Amino acid sequence: MRLNLKRFKSILLLELDTNYSFPLLEIIVSLLVVLSFYFMAGGAFYAFFGIPHLVQSGPEIIVFFEEWTRTHAIRTLQGASYDISFILAFFIPVLTALTFGRDMDTGTFRTFLSYPISRHQLFLAKEFLILVVISGTTSISYFVALLSFEPNLNSPGLILLFLVTQWTPAILVSLATILIAVLSKSLSASLFGGVALSFGMMISPFLFRSMDTLLVAILNPVMAVSTYIFEDYSISILQSLSVGIVASLAISVLLLIVTLKQINRMEV
Amino acid sequence: MTKASVVRASELIKNFDDVRALNELTLDIEPGIFGLIGPNGSGKTTFLRILLGLIRPNAGTAEVLGMQVDKESLQIREKLGVLHERPTYPTRLTPLRFLHRVRDIYGTDKDPEDLLELVGLSSASHRRIGDLSAGMTQRLGIAQALIGQPELVLLDEPTSNLDVVGRDEIAQLIMELHANLGVSFIVASHVLSELDRICDSVAFIRDGSVLEQGRTLDLIAQYTTNRYRVKTDNPQQLAPILEKTAQFNNVRIVGRIAVTLSSNLETTADLEQVVRSAISHSEIKIYDVIRANSLEDIYMEVMTNAT
Amino acid sequence: MRAVKFFIILGFAFLLASFVPSPFASRGNLIDRGYYECFLVNGSGNLLVEVSGADYRNISLYVLDYEDTAVLVREESLENTTPLFFIENVFNFSGIISLPRPDWYGVVVLANIANPALTNMRYDIYITRPVPYLVPILLFTISEVLGIGLLLYRRFEKKNRTKQ
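Computed from a predicted model, the values in this text were never measured in an experiment.

## Observations concerning the overall build of chain C
Consideration 1: Scanning chain C from N- to C-terminus turns up 3 helices and 8 strands.
Consideration 2: Taken from N to C terminus, the helices and strands of chain C fall in the order α-β-β-β-β-α-β-β-β-β-α.
Consideration 3: A globule of 164 residues ought to have a C-alpha radius of gyration of about 15 Å, yet chain C, at 23 Å, is considerably larger.
Consideration 4: With respect to the three principal axes, the spread of C-alpha positions in chain C is 90 × 30 × 20 Å.
Consideration 5: Looking at the 164 residues of chain C, the share that counts as buried comes to 46%.
Consideration 6: A sequence separation of at least 24 residues applies to 84% of the contacts in chain C between residues at least 6 apart.
Consideration 7: For chain C, the accessible area works out to roughly 8400 Å², and carbon and sulfur atoms hold 59% of it.

In structure tokens form, the structure reads like this:
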């Protein structure tokens, strides 16, 4: 077990050196940090009212501004998540295609699998790094930016929901892209296939406006969470949203099983 | 399987779509330096990839160091080193860092700097792999194959990118490593000159089947007794003349500079005298007459006999 | 060396993040005698406030924390509040106000109308978060310290090894 962990760490380092060589990793992480701050800083800034207020009484205004600050913090988070989801929709398939498709294309996969590395370990190391570099960086940057700019957002449930929206499509798209790479063993096929799938998932709720929230939660969860907020935190939408997220994870698990089987069968 | 066998393959079949790459290949390889000889597309690389667990055979079994390739691939690879044909390494890493990483995967304590020195790459240890020449990359390939302190090293066309001097150096290196570290080697190649001097045993394969296998010296004795090589400037004209000579048979043209033949004459001097008298009325020049006992000669014999 | 490069570049990313443009509040408004104009502002570390009364008339400026702003709204008076910053009876003010932490703050403007004939006066205000923001600049510092510290440590270690 200990040797396995040590070996897994070594594989991670080898993968990091191979596919995230300087300055690619630094550029991706920096870009995601800056964008997270940019989207979050551009959110709600001020509200104005006179005292004494001509229309509302003091307590009414307090309720108003407490609601206002919270709502605007949520809107900021929602807007930022929405913006960043498009960035992630690009980064996830591209990075996955580069780390899987390119390695299969060039023969690096064969070189690595000639060492005492199991196929599952190599797959896990690659997938782990993709998710940590993209979704991990975004989540941490989001959290820091949120603390900086939206201190009044005391809604851990909502924050969690938005973080989930960064992870579920990332897992699904990356696994699908890996599967394309494994089946095609081609960089270009995995690159175009992954990007097409990712953006297809993003824009399909716009194309089919009447799409059910459950399906939207699978394809573009940020949009589903936005609907949940706009619809005044409707329980029924939350239910659909939750089922959609669970369904997305279930599809990912299915994809994981298929991908692992394919990787095991793959001839390199 | 004898206890000493490092590889044993039994009736391996491998198909790639409609192409049969291995056709009931059976092979028993003992420790030492083993040459796997065959033309391009004969199934050498496919065989090595099966041993590594990179591809699965359609039928047949294979064992490496006493372990089944289909069940204990990871354990086998812990004791194997490999240099692939046209190897691909992370181009942006330095050889030293790459070897460190690979060593950590094997979990050995081999010093990468020592290995780089051994393969003559210490001066380039801090250059990027992508900037190395083909020969340097090949040397790095040998270094990374040895970093795990393997019991067996598979080398697939190890000198394919090298010039004559480089080939000679790699051949020397293989012999030294075998002598000093006791590592066994399986060298798959179609460049016979390098295998000639280093292989204890060889197998000739074609179309996925073993045509002949044995100790190199035994095969030389078996195939080249009474075979001679006549070096000439005009083998095309010389061959028909020699065919008509009573003392010679099995006359074959070897490239543009030689003819091989069988004869019961005792010495090369006797043979040269007969050859010269046969061509006395022509302008063909004879440069040398030697015994045809190189691996290339055996290869020609085996391949021709198999046709 | 990779970790050194990573921390140094990440630090610069935080530095860049600390300068990303922020929205601002800008108004030219009429303020009635005895009224407070309150701007509830999301302040991240510091706040840049520029305010001036029209025609050289006096104004007062108070910056309250979130709780005190609520007290002001409820009681319609600054009496029971402790402003974080205040400046009274000035023609204009322009400066950075230090805020103890990122939070919402009340920026309150009060007109000091001396002329009894006037019922209101005009004032202009501009509020924004001054760059760099506090949290990313702190992260920039931490990241750079880590990067440079690691670099120096490696050099020190290398020197020691060479000596040995």
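Past the structure itself, the notes keep going.
## Remarks on the overall build of chain B
Consideration 1: The helix and strand inventory of chain B stands at 11 helices and 14 strands.
Consideration 2: Expressed along its principal axes, the backbone C-alpha trace of chain B runs to roughly 70 × 45 × 35 Å.
Consideration 3: Buried positions account for 52% of the 307 residues belonging to chain B.
Consideration 4: For chain B, contacts bridging at least 24 residues in sequence account for 68% of all contacts bridging at least 6.
Consideration 5: Of the roughly 13900 Å² of accessible surface on chain B, a fraction of 44% belongs to carbon and sulfur atoms.
Consideration 6: Positive and negative side-chain charges of chain B, numbering 32 and 41 respectively, have mean locations separated by a distance of 4 Å.

## Quick notes on the environment of A:Thr259
Consideration 1: Position of A:Thr259 among the secondary structure elements: in helix α10 (residues 235-265).
Consideration 2: In this structure A:Thr259 touches A:Phe123, A:Leu175, A:Ile178 and A:Leu179, once residues within four positions along its chain are discounted.

## Digging into the packing of helix α6 (residues 156-184) of chain A against helix α7 (residues 187-207) of chain A
All names here are of chain A.
Consideration 1: Where α6 contacts α7, the axes come no closer than 9 Å and their chain directions differ by 150°. Put simply, α6 runs roughly antiparallel to α7. Helix-helix and strand crossings are classified by hand; for α6 and α7 the assignment is right-handed. Counted together, Leu172, Val173, Ala176, Thr177, Ile180, Ala181 and Ser184 of α6 and Ala189, Ser190, Gly193, Gly194, Leu197, Ser198 and Met201 of α7 form the full contact between these two elements.
Consideration 2: Taken together, the residues that form the contact of α6 with α7 break down as 8 nonpolar, 6 polar and no charged.

## Some words on the confidence of the model for chain C
All names here are of chain C.
Consideration 1: Confidence in the prediction for chain C averages 90 pLDDT; 100% of positions are at 70 or higher.
Consideration 2: The secondary structure element of chain C with the lowest average pLDDT is strand β1 (residues 24-32), at 87, and the one with the highest is helix α1 (residues 2-17), at 95.
Consideration 3: Predicted as a complex, the structure gets a pTM of 0.88 and an ipTM equal to 0.88.

## Focus: the pattern of salt bridges
Two side chains of opposite charge can pair, provided their charged atoms sit close to one another.
Residue and element names in this part refer to chain A.
Consideration 1: Considering all chains together, one arrives at 19 salt bridges over all chains under this definition.
Consideration 2: Across the pair lysine 126 and glutamate 15 runs a salt bridge whose closest N-O atoms are separated by 3.1 Å. In this pair, lysine 126 is assigned in helix α5 (residues 119-149) and glutamate 15 in helix α1 (residues 2-19), connecting sequence segments 111 residues apart. A single burial state applies to lysine 126 and to glutamate 15, both of which are buried.
Consideration 3: With its nearest N and O atoms 2.5 Å apart, the salt bridge here joins aspartate 103 to lysine 126. Placement of the pair is aspartate 103 in helix α3 (residues 58-106) and lysine 126 in helix α5, with a sequence separation of 23 residues.
Consideration 4: Here aspartate 103 falls in the buried class, since its relative accessible area comes to 2%.

## Looking at the nonpolar core
Consideration 1: With 162 residues, the main nonpolar core has B:Phe47, B:Phe185 and B:Phe204 as its most contacted residues.
Consideration 2: Within the second largest apolar cluster, 24 residues are counted, among which are C:Phe39, C:Val63, C:Phe93 and C:Ile125.

## What to know about the packing of helix α5 (residues 134-146) of chain B against helix α6 (residues 164-181) of chain B
Residue and element names in this part refer to chain B.
Consideration 1: Where α5 contacts α6, the two axes come as close as 12 Å, and the packing angle between them is 15°. By the angle class used here, α5 and α6 are roughly parallel. Once α5 is placed against α6, the crossing between them reads as right-handed. Mapping the contact onto sequence places Arg139, Ile142 and Leu146 in α5 and Gly166, Glu169, Ile170, Leu173 and Leu177 in α6.
Consideration 2: Tallied by class, the residues present in the contact of α5 with α6 amount to 5 nonpolar, 1 polar and 2 charged.

## Considering the interface of chain A and chain C
Consideration 1: On the chain C side, the residues contacting the 40 residues of chain A number 45 residues.
Consideration 2: Of the roughly 3800 Å² buried between chain A and chain C, counting both surfaces, carbon and sulfur atoms make up 70%.
Consideration 3: Among the residues chain A hides against chain C, the three largest losses belong to A:Phe45, A:Phe48 and A:Ile51. Together they make up 22% of the total.
Consideration 4: In this structure, A:Glu26 engages C:Arg2 in a salt bridge whose closest nitrogen and oxygen atoms are separated by 2.9 Å.

## A short note on the packing of aromatic side chains
Consideration 1: Inspection of every chain in the model, using the stated rule, returns 25 aromatic pairs over all chains.
Consideration 2: Pairing A:Phe90 with A:Phe91 gives two aromatic rings, centres 5.9 Å apart and planes at 70°, and the pair type is edge-to-face.
Consideration 3: Each ring, one from B:Tyr89 and one from B:Phe98, has its centre 5.3 Å from the other, and the planes form 45°; the classification is tilted.
Consideration 4: Among the aromatic side chains, those forming a connected cluster through ring pairs are A:Phe37, A:Phe149, C:Phe14 and C:Tyr133.

## Topic: the sheet that holds strand β3 (residues 46-53) of chain C
All names here are of chain C.
Consideration 1: Strands sit in the order β1-β8-β3-β6 across an open sheet of 4 strands; the sheet is antiparallel. Of all the strands in the sheet, just β1 and β6 (92-98) have a single pairing partner and so form its edges. If you compare each strand with its neighbour and ignore which way they point, the axes differ by 15° on average.
Consideration 2: For β3 and strand β8 (residues 120-128), the ladder comprises 6 bridges, and the chain directions are antiparallel. Residue pairing for β8: serine 52 is matched across the bridge by aspartate 124.

## Section: a nonpolar patch on the surface
Residues and elements named next belong to chain A.
Consideration 1: Taken together, Ile203, Leu207 and Phe208 make up a surface patch of nonpolar side chains, about 320 Å² in accessible area.
Consideration 2: Locating isoleucine 203 in the fold gives a position in helix α7.
Consideration 3: Classification of isoleucine 203 by relative accessible area gives partly exposed; the value is 37%.

## Some thoughts on helix α9 (residues 235-243) of chain B
Residue and element names in this part refer to chain B.
Consideration 1: Residues Pro235, Leu238, Ala239 and Leu242 constitute the buried set of α9. One side of α9 carries all its buried residues, which in axial view fall inside an arc of 105°.
Consideration 2: Residues of α9 that are buried make contact with β11 (227-232), β12 (248-254), β13 (258-263), α10 (268-278) and β14 (286-291).

Basis of the calculations
Residues numbered from 1 in each chain as written. Chains lettered and ligands numbered in written order. Predicted model: local features only at pLDDT ≥ 70, side-chain atom pairs only at ≥ 80, totals over all residues. Heavy atoms only, no water. Helix = DSSP H or I, 4+ residues; strand = E, 2+ residues; numbered from the N terminus. Rg over C-alpha atoms; globule rule 2.2 N^0.38 Å. Buried < 20%, exposed > 50% of the residue type's maximum accessible area, 1.4 Å probe, protein only. Contact = heavy atoms within 4.5 Å. Areas by Shrake-Rupley, 256 points an atom, 1.4 Å probe, with all protein chains shown as cover. Lys, Arg positive; Asp, Glu negative; His and termini not counted. Charge placed at Lys NZ, Arg CZ, Asp CG, Glu CD. Axes fitted to C-alpha atoms, helices over the stretch in contact; angles between N-to-C directions. Parallel < 35°, antiparallel > 145°, perpendicular 65-115°, else oblique. Left-handed = near helix turned anticlockwise from the far one by under 90°. Nonpolar A, V, L, I, M, F, W, Y, C, P; charged D, E, K, R; others polar. pLDDT = per-residue confidence, 0-100. Salt bridge = Lys/Arg side-chain N within 4 Å of Asp/Glu carboxyl O. Core = buried A, V, L, I, M, F, W, Y, C linked by side-chain atoms within 4.5 Å. Buried area = accessible area lost by both parts, 1.4 Å probe. Phe/Tyr/Trp six-rings, centres within 6.5 Å; stacked < 30°, edge-to-face > 60°. Pairing = 2+ DSSP bridges. Patch = residues over 30% accessible without salt bridge, like charges linked within 9 Å, V, L, I, M, F, W, Y side chains within 5 Å. Arc of directions from axis to C-beta.

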